[in-house]
Amino acid sequence: MGVSAASILNQLLRKQNLKPHPQPQSQSATNAVIKTILTYLKAGRIRKATSILFGFPKPFPYPLYALFFRLCSSHRAIVEARKVESHLLTFSPNPPTFLLNRAIESYAKCNCLRDARELFDEMPQRDGGSWNALITAHSQLGFPSEVFSLFLSMNRSGVCPSEVTFASVLASCAAASELLLSKQVHGLVTKFGFCGNVILGCSLVDVYAKCGVMVESRKMFHEIPQPNAVTWNVIVRRYLDAGDAKEAVFMFSRMFSAAVRPMNFTFSNALVACSSVCALQEGMQIHGVVVKLGLHEDNVVSSSLVNMYVKCGRLEDGSWVFDQLGYRDLVCWTSIVSGYAMSGKTLEARKLFDEMPERNVISWNAMLAGYTQCFEWSEALDFVYLMLDTIKDVDHVTLGLMLNVWAGISDHEMGKQVHGYIYRHGFHSDLRLSNALLDMYGKCGNLNSARVWFNQMSNWRDRVSWNALLASYGHHQLSEQALTMFSEMQWETKPTKYTFGTLLLACANTFALYLGKQIHGFIIRHGFQIDAIVRTALVYMYCKCRCLEYAIEVLKGAVSRDVIIWNTIILGCCHNHRGKEALELFVTMEAEGVKPDHVTFKGILLACIEEGLVEFGTECFKSMSSEYHVLPWLEHYDCMIELYSRHGYMDELENFMRTMTIEPTLPMLKRVLDTCQKNECPRLGEWITEKINEFKH
């Protein structure tokens with residue numbers, strides 16, 4: 001290895017002959033210097049204390065050096081640590097090994113592994129602590145291969161590993177996902193008699209989980225005689241990381257039967273698990289325990305509580321928790337802003353955002369995500385400019401959201417500028433951003449740029465990339481090109497249900513029945529599962545291509561049918577002027593216990609218009625709110641006006657117009673006026689004319 005700064009200082013000290021002068025110095029003088037050094041150390045003035053030590057030509061007691069190394073570690077004072085080591089080696093040619101071990105630890109804390117390794121190599125004698133110090137240093141700083149090499153050398157030198165050694169090696173195995181090596185180290189742990197050690201048991205639980213073997217992790221957990229709170233926290237967290245939120249919540253509940261009080265981080269992990277699976281009841285139970293144990297003011301727990309209620313659709317409860325907090329940290333503020341923003345309440349979210357005492361890029365992203373999700377492109381655009389004027393650094397999430405904004409307003413020129421920023425700052429290899437760029441070019445109609453960028457992504461693109469490009473072709477009614485791309489896709493990756501959904505939508509929009517049938521046949525021949533998404537897309541495609549019999553056959557093949565697929569077939573019948581079949585399907589839908597929504601009723605009213613069923617349509621409209629608790633939308637009022645107008649029910653039309661609970665739109669009024677003129681209904685016509693004049697003024 002190269003020469004470290006510590007060695008250079010050592011040589012300088014020896015060259016300057018700063019060893020004790022022949023004339024003896026009194027012990028009282030040394031004590032006075034020690035007292036001065038301790039005073040400066042107590043005051044936190046490490047640099048001044050080190051200067052005094054470095055300039056004193058006499059050794060000090062070993063505990064003082066140990067104190068220096070400890071303080072240099074905590075303050076990351078690398079220069080001072082080097083000076084202390086130089087003084088120690090100059091005036092104590094054979095210092096005790098434990099002091100040199102402290103020096104190695106100090107260098108490691110200061111992120112200077114080169115100095116630590118050189119000192120280790122120069123040590124005349126090493127003990128287990130020396131090896132542990134160096135192995136732990138490399139493990140904590142993320143050099144697993146060096147850890148494995150040092151561990152091997154340690155065993156070859158005849159030094160027995162301790163629990164500290166094994167803990168560091170296992171941590172490196174976890175960081176590198178080295179399952180085979182982890183099992184070998186596990187064998188050594190057993191061989192050296194550390195089976196009942198709680199710390200190593202916890203490390204084994206962690207390493208198996210991080211290597212993706214939760215079965216082994218759980219097995220190791222159960223082999224620990226009395227797991228402590230840290231071990232419980234590890235198993236709960238690892239289940240959460242593995243995507244098994246239900247098991248994370250279950251293990252958290254087991255802590256109480258084991259009489260182990262969870263840490264605040266364990267509560268937080270359990271609440272995050274509840275958030276991910278919308279387990280509101282379990283989350284509320286955890287909330288009760290939090291209050292009982294007095295942890296509701298803890299920042300980590302309270303932020304997770306707010307997030308849990310928000311993610312479970314209980315924004316009011318999350319807001320109540322937020323309002324009860326005496327102190328709200330940045331995470332808590334961001335959680336409540338994100339909750340309001342992602343719930344569509346962007347005005348309330350922006351008010352809270354403006355009240356935040358401090359913000360970071362995550363806070364800005366949360367607010368911007370709310371605007372983009374609600375398609376409030378004007379507000380999103382203003383917010384982007386404000387954000388760029390306020391903060392200096394943006395992350396990949398910000399850039400992805402900005403691309404969504406440019407796609408939303410179809411501004412590919414601004415999108416290109418973001419693309420340039422992404423490339424200049426090294427974000428171009430981020431797959432999510434690459435796909436967002438692809439989506440932006442496609443939605444802006446710049447298919448040439450989309451295809452060029454797609455080709456440049458050849459080394460890191462995935463199924464999402466292919467689906468984005470296919471969606472772009474489908475959106476612009478280029479179904480044949482989409483099908484060609486689909487053929488190319490199969491050489492690189494397997495299609496997903498979203499791929500088929502995109503292709504079938506493209507066929508529907510271009511009435512390409514032949515191509516749609518080809519895709520349907522491909523799905524059947526290759527054994528792809530026809531789930532709810534694909535089945536609904538097939539029904540929609542056949543309906544749009546006026547092949548209603550095929551659509552009904554696809555519907556019949558479904559094991560379970562949700563309201564979306566029923567709405568698709570009912571509207572498809574109306575599209576094909578088959579109102580009677582639509583009403584029959586509605587009866588079947590109700591018989592299966594599927595609750596209709598506002599889309600269903602739009603289809604029913606359209607069917608009534610098609611078949612001239614005025615009385616039945618009137619009853620359906622009334623039953624929406626009275627029986628089904630579905631509030632009529634503007635489109636339902638529009639259907640009723642069309643129903644009465646088309647079939648000449650002028651008295652019913654007049655009564656409907658005068659009793660409407662919402663203000664009619666100008667197109668509605670003009671349609672009614674045309675109907676009045678056609679059916680010679682002057683009284684209603686005069687009233688409608690007055691309403692139209694009100695619009696003009």
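Along each chain, numbering runs from 1 in the same order as the chain's sequence is written. A pLDDT threshold of at least 70 governs which residues receive local features in this predicted model, and a stricter bar of 80 or more applies before side-chain atom pairs are shown or counted, although totals over entire chains, interfaces and linings include all residues. No hydrogens and no water enter the side-chain calculation; it runs on all heavy atoms of the structure.

With that settled, the discussion passes to the overall build of the chain. Helix and strand assignments come from DSSP, with helices taken as H or I runs of at least 4 residues and strands as E runs of at least 2, each series counted from the N terminus. Counting secondary structure elements, the chain contains 41 helices and zero strands. Taken over C-alpha atoms, the radius of gyration is set against a globule rule of 2.2 Å times the number of residues to the power 0.38. Taking 2.2 N^0.38 as the reference for a compact globule, 697 residues should give roughly 26 Å; the C-alpha atoms of the chain span a radius of gyration of 36 Å, well beyond that estimate. The principal-axis extents of the C-alpha atoms in the chain amount to approximately 130 × 60 × 55 Å. Burial classes: relative accessible area under 20% of the type maximum marks a residue as buried, over 50% as exposed, and values in between as partly exposed (1.4 Å probe, protein chains only). Taking all 697 residues of the chain together, 49% fall into the buried category. Long-range contacts, defined here as pairs at least 24 residues apart, represent 61% of the contacts in the chain between residues at least 6 apart. Carbon and sulfur atoms provide 54% of the accessible area of the chain, an area that totals close to 34,500 Å². Looking at charge distribution, the chain has the averaged site of its 67 positive side-chain charges lying 12 Å from that of its 68 negative ones. Should any heavy atoms of two residues lie within 4.5 Å, those residues are counted as being in contact. Exposure was quantified through the Shrake-Rupley algorithm and a 1.4 Å probe, taking into account, for residues, occlusion by the shown protein chains and nothing else. Here Asp and Glu are counted as negative and Lys and Arg as positive; His is not counted, and neither are the chain ends. Working definition for charges: the position is that of NZ of Lys, CZ of Arg, CG of Asp or CD of Glu.

Further remarks concern helix 13 (residues 214–223). Residues that lie three or four places apart on an α-helix share one face, since the helix turns once every 3.6 residues. Three or more residues of helix 13 are buried, namely M214, S217, R218, M220 and F221. In an axial view of helix 13, the angular spread of the buried residues amounts to 160°, which keeps them on one side of the axis. Elements that come into contact with the buried residues of helix 13 comprise helix 11 (179–191), helix 12 (198–210), helix 14 (229–241) and helix 15 (245–257). Summarising the geometry, the arc corresponds to the directions from the helix axis toward the C-beta atoms.

Another point: helix 35 (residues 579–591). End to end, helix 35 covers 19 Å across 13 residues, agreeing with the expected 18 Å (1.5 Å per residue, within 8%). Along helix 35, the positions that sit buried rather than exposed are G579, A582, L583, L585, F586 and M589. Across the axial projection of helix 35, the buried residues extend over an arc of 160°, all falling on one side. Exposed residues on helix 35 whose side chains face more than 90 degrees from its buried face are K580, V587 and A591. Elements that come into contact with the buried residues of helix 35 comprise helix 33 (548–556), helix 34 (563–575), helix 36 (598–611) and helix 37 (614–626). Just past helix 35, the residue G593 takes up positive phi, approximately 80°. Take the number of residues in a helix, subtract one, and multiply by 1.5 Å to get its expected span.

Now for the packing of aromatic side chains. Any two of the Phe, Tyr and Trp rings considered here, Trp counted by its six-membered ring, make a pair once their centres fall within 6.5 Å; the pair's planes then place it as stacked at under 30 degrees, edge-to-face at over 60, or tilted in between. Summed over the entire model, instances satisfying the criterion amount to 28 aromatic pairs. With a centroid separation of 5.8 Å and 65° between ring planes, the pair formed by F166 and F194 is classed as edge-to-face. Linking F166 in helix 10 (residues 163–176) with F194 in the loop between helix 11 and helix 12, this pair joins segments that are 28 residues apart in sequence. For the pair formed by F166 and F194, the shared burial category is buried. Connected via pairs of aromatic rings, a cluster forms that spans F151, F166, F192 and F194. Consider the ring centre and the ring normal. A charge sits over the ring if Lys NZ or Arg CZ is within 6 Å of that centre and within 35 degrees of that normal. The cationic tip of R126 hangs over the ring face of F120; the distance from NZ or CZ to the ring centre is 4.4 Å. Directly above the ring of F454 sits R461, whose terminal nitrogen or CZ lies 4.2 Å from the centroid.

Okay, unusual backbone geometry next. Located in the positive-phi region is F375, a residue other than glycine, with phi close to 60°. The phi torsion at H629 lies on the positive side, around 55°, for a residue other than glycine. With respect to the secondary-structure elements, H629 resides in the loop between helix 37 and helix 38 (634–646). Judged by its relative accessible area of 65%, H629 falls in the exposed class.

Before going further, it helps to examine the pattern of salt bridges. Two side chains that carry opposite charge are able to pair once their charged atoms sit near each other. One speaks of a salt bridge when a side-chain nitrogen belonging to Lys or Arg is within 4 Å of a carboxyl oxygen belonging to Asp or Glu. Within this structure, the stated rule accounts for 27 salt bridges. Between R47 and E80 there is a salt bridge whose closest N-O contact spans 3.7 Å. With a gap of 33 residues between them, R47 in helix 3 (residues 46–55) and E80 in helix 5 (residues 78–91) connect regions that are remote in the sequence. Given the relative accessible area of 10%, E80 is considered buried. Through salt bridges with shared partners, a single ionic network connects D206, K210, R237, R238 and D241.

Glancing now at the environment of G474. Residue placement: G474 occurs in helix 28 (residues 463–475). For G474 and S73, which are 401 residues apart along the polypeptide, the C-alpha to C-alpha distance reads 60 Å. Non-local contacts of G474, meaning those with residues more than four positions away in its chain, are made with A506 and N509.

This part is about the packing of helix 16 (residues 264–276) against helix 17 (residues 280–292). Interaxial angle, 0 to 180 degrees, is taken between N-to-C directions of lines fitted to C-alpha atoms, where a helix line uses only the stretch in contact. As a packed pair, helix 16 and helix 17 sit with axes 9 Å apart at the nearest point and diverge in direction by 160°. Here helix 16 is positioned roughly antiparallel relative to helix 17, judged by the angle of their axes. Crossing of helix 16 over helix 17 shows left-handed handedness. Facing F267, A270, L271 and C274 of helix 16, the residues of helix 17 in contact are E282, G283, I286, V289 and V290. Its residues assigned to classes, the contact of helix 16 with helix 17 comprises seven nonpolar, one polar and one charged. What sets the label is the angle itself: under 35 degrees gives roughly parallel, over 145 gives roughly antiparallel, 65 to 115 gives roughly perpendicular, and the rest give oblique. Whether a crossing is left-handed or right-handed is set by the direction in which the near helix is turned from the far one by less than a right angle, anticlockwise for left-handed and clockwise for right-handed. Amino acids are sorted into nonpolar (Ala, Val, Leu, Ile, Met, Phe, Trp, Tyr, Cys and Pro), charged (Asp, Glu, Lys and Arg) and polar (every other residue, Gly among them).

One confidence number per residue, pLDDT, is output by the predictor and ranges from 0 to 100. Averaged over every residue, the pLDDT of the chain is 89; residues scoring 70 or more account for 96%. Segment residues 12–25 is flagged for pLDDT under 50; beyond a separation of four residues in sequence, or across chains, it makes 16 contacts in the model.

Moving on, we come to the side chain of S217. Here S217 lies in helix 13. Its relative accessible area of 0% is what places S217 among the buried residues.

Here the term patch refers to residues with relative accessible area over 30% and no salt bridge, with like charges joined within 9 Å and nonpolar side chains (Val, Leu, Ile, Met, Phe, Trp, Tyr) within 5 Å. Taken together, the side chains of E615, E619, D651 and E652 define an acidic patch exposed on the protein surface. Position of E652 relative to the elements: it lies in helix 39 (residues 650–659).

Attention shifts here to the environment of D430. In this structure, D430 sits in the loop between helix 25 (412–424) and helix 26 (431–443). Using a relative accessible area of 18% as the deciding quantity, one classes D430 as buried. Spatially, the C-alpha atoms of D430 and W460 are 8.8 Å apart, while their sequence positions differ by 30 residues. Of note is the side chain of D430, whose polar atom sits 3.0 Å from the backbone nitrogen of R432. Any pair of nitrogen or oxygen atoms within 3.5 Å is treated as a polar contact; in protein, a donor-acceptor pairing is required on top of that, and neighbouring residues in sequence qualify only through side-chain atoms on both sides.

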